Amino acid sequence: MKNKFNAVYFIQMNYSDENLRNLKNKFNLTVLSDVEKILTFKHDNVDVLFAPFELKITKNFLKKFNNLKVIISNTTSIPHIDVNACEKKKVKISALNDDKYFLDKITPTAEHTFGLLLACYRNIIPAFEDVKSGNWNRWKFGAPKMLSKMRIGILGFGRLGQKVSNIAESFGMKVSWFDPYIKGGEDSLKNMVNKIDILSIHASSNDKSYKIVNKEILKLLPRGSIVINTARGELLDIDALIDLLEIGHISYAALDTIDGEFKKDFKKNLKNTRIYNYINNNSNLLLTPHIGGSTFDAWHLTQKRVIEKCLNYLKKEF
């Protein structure tokens, strides 16, 4: 392993001070302020490339990087990286998608799932706003049932789906789940959704799962159901969800992700979207800006982990 490899890091990845110091110590580190600046960078000088979701690692993109050895993404899924193209070019991927034992200790997304559920179903934000306006009236903020009397259906029964199941059972809830890649759950998504009160989405994002929760699926939910999504935004048809929220078929929804959130102009165009207009005029849709995994300790640990994996790849192979 040579003394120091050249690495390109993007400032929006917000690594902790300790992890940034480690990067500067271990690599000849270049820090870029925008992912588009990599397109004009001296590509042959890049050994290690950090890959935020905004940076799409495609076959054509990789052709520009003759000396690239490792791509780093401290994410639990890597839909922005062409894995087959990386394998053909013998570029290693240092990410968390294949790091089951490490991720068992990372819990904030499962925690946030129930935070969203409680916040929307128990009317916590409208109740707080009402108190701020000078009122003190419990009666208009009652929820229909105790969670312990409700049925939750989990789409995707991997690491997070299982953690959410455990939390739900601790509330006394009845749990159903569907995962096409794991045996033992419901035999289909359609069969699951027609007998639950809450749909919690934790599936992986791929071509087959794009908008897997569509209008047909949402209409099969019993009237008054709740939808929670802390997985990828592209799994859920937002327009179909809002259609059913507007007529009361879905009573509440809480989302931590939106389809298209990693596109370049997403933030600039957000105020012109249907979902933005809806949340400003209704209280039954709660939206958070992809903060499911956002605790400082989880950020630090996941960043540290992918740096360590990258260094191990370089040590063993180069």
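Treat the numbers as computed from the prediction; the structure is a model and nothing was measured.

Peer 1: I'm lost on the pattern of salt bridges in this one. Help?
Peer 2: Side chains carrying opposite charge are able to pair once their charged atoms draw close together. What the rule picks out here adds up to 17 salt bridges. Where Arg274 meets Asp243, a salt bridge forms, and the shortest distance between an N and an O atom there is 2.6 Å. Within this pair, whereas Arg274 is found in helix α12 (residues 274–279), its partner Asp243 is found in helix α10 (residues 238–246), the two being separated by 31 residues in sequence. A relative accessible area of 32% places Arg274 in the partly exposed class.

Peer 1: Honestly, the environment of Ser77 in this entry has me stumped. Any pointers?
Peer 2: Tracing the backbone through its elements, the reader meets Ser77 in the loop between β4 (70–72) and α3 (83–88). Excluding residues within four positions of it along the chain, Ser77 makes contact with Phe53, Asn97 and Arg232. Within the structure, Ser77 has its side chain in polar contact with the side chain of Arg232 (distance 2.7 Å).

Peer 1: Sorry if this is basic, but what is going on with the environment of Ile154 here?
Peer 2: Note on placement: Ile154 falls in strand β6 (residues 151–155). With 32 residues separating them in the primary sequence, Ile154 and Glu186 have C-alpha atoms 9.9 Å apart. When neighbours within four sequence positions are excluded, Ile154 is seen to be in contact with Gly161, Val164, Ser165, Val175, Ser176, Trp177, Phe178, Met192, Ser200 and His202.

Peer 1: Explanation requested: unusual backbone geometry in the structure shown.
Peer 2: Glycine aside, residues mostly have negative phi, and peptide bonds are mostly found in the trans state. Even without being a glycine, Asn14 presents a positive backbone phi close to 55 degrees. Along the chain, Asn14 falls in the loop between β1 (5–10) and α1 (17–26). Since its relative accessible area comes to 58%, Asn14 is described here as exposed.

Peer 1: How do you make sense of the sheet that holds β4 when you look at a structure like this?
Peer 2: Strands belonging to one sheet form pairs held by backbone hydrogen bonds; the direction of such a pair is parallel or antiparallel. Strand order in the open sheet formed by five strands is β2-β1-β3-β4-β5, and the pairing between neighbours is parallel. The outermost strands of the open sheet, each flanked by one partner alone, are β2 (27–32) and β5 (92–94). Averaged over all neighbouring strand pairs, the angle between strand axes comes to 20 degrees, with direction disregarded. Two elements, β1 and β2, share six bridges in a ladder whose sense is parallel. Following the sheet pairing, Ala7 is matched in β2 by Leu29. Across the sheet, helix α13 (residues 296–317) lies against β1, β2, β3 (48–50), β4 and β5, angled at about 155 degrees from β5, the strand it touches most.

Peer 1: Mind showing me how you'd approach the packing of α1 against α13 here?
Peer 2: When two helices pack together, their arrangement is given by the angle between their axes and by how far apart the axes lie. The geometry of α1 relative to α13 is characterised by a closest axis approach of 10 Å and an angle of 15 degrees between their N-to-C directions. Between α1 and α13, the angle falls in the class roughly parallel. Judged by the twist between their axes, the crossing of α1 over α13 is left-handed. Of the residues in α13, those in contact with Glu18, Asn19, Asn22, Leu23 and Lys26 of α1 are His300, Gln303, Lys304, Ile307 and Leu311.

Peer 1: Even after reading the chapter, I still don't get the nonpolar core, so can you show me in this structure?
Peer 2: One broad rule of soluble globular proteins: the nonpolar side chains tend to lie buried together. Ranked by size, the top nonpolar core spans 44 residues in total, and within it Phe10, Tyr15, Leu49 and Ile57 carry the most contacts. A total of six residues in this core trace back to one element, the largest contributor, which is α13. Excluding anything up to four places from it in sequence, Leu49 contacts Val8, Phe10, Ile38, Leu55, Ile57, Phe61, Leu68, Val70, Ile71 and Ile72. Of all hydrophobic cores here, the second largest spans 31 residues; its members include Val193, Ala240, Ile250 and Leu255.

Peer 1: I tried to follow the sheet that holds β6 on my own but got confused; where do I start?
Peer 2: If you walk across this open sheet you meet the six strands as β7-β6-β8-β9-β10-β11, and the pairing is parallel. Strands with a single pairing partner mark the edges of an open sheet, and in this sheet they are β7 (174–178) and β11 (285–287). Neighbour-to-neighbour, the strand axes of the sheet open up by a mean angle of 15 degrees, direction not taken into account. As defined by bridge partners, strand β8 (residues 198–201) adjoins strand β9 (residues 225–229) across four bridges and the pair is classed as parallel. When the sheet's bridge partners are listed, Ile201 is paired in β9 with Asn229. The strands that helix α5 (residues 108–121) touches are β6, β8, β9, β10 (250–255) and β11; relative to β9, the one it contacts most, it runs at about 145 degrees.

Here is what the cut-offs are and how they apply
- Residues numbered from 1 in each chain as written.
- Predicted model: local features only at pLDDT ≥ 70, side-chain atom pairs only at ≥ 80, totals over all residues.
- Heavy atoms only, no water.
- Salt bridge = Lys/Arg side-chain N within 4 Å of Asp/Glu carboxyl O.
- Helix = DSSP H or I, 4+ residues; strand = E, 2+ residues; numbered from the N terminus.
- Buried < 20%, exposed > 50% of the residue type's maximum accessible area, 1.4 Å probe, protein only.
- Contact = heavy atoms within 4.5 Å.
- Polar contact = N/O pair within 3.5 Å; in protein donor to acceptor, adjacent residues only side chain to side chain.
- Pairing = 2+ DSSP bridges.
- Axes fitted to C-alpha atoms, helices over the stretch in contact; angles between N-to-C directions.
- Parallel < 35°, antiparallel > 145°, perpendicular 65-115°, else oblique.
- Left-handed = near helix turned anticlockwise from the far one by under 90°.
- Core = buried A, V, L, I, M, F, W, Y, C linked by side-chain atoms within 4.5 Å.

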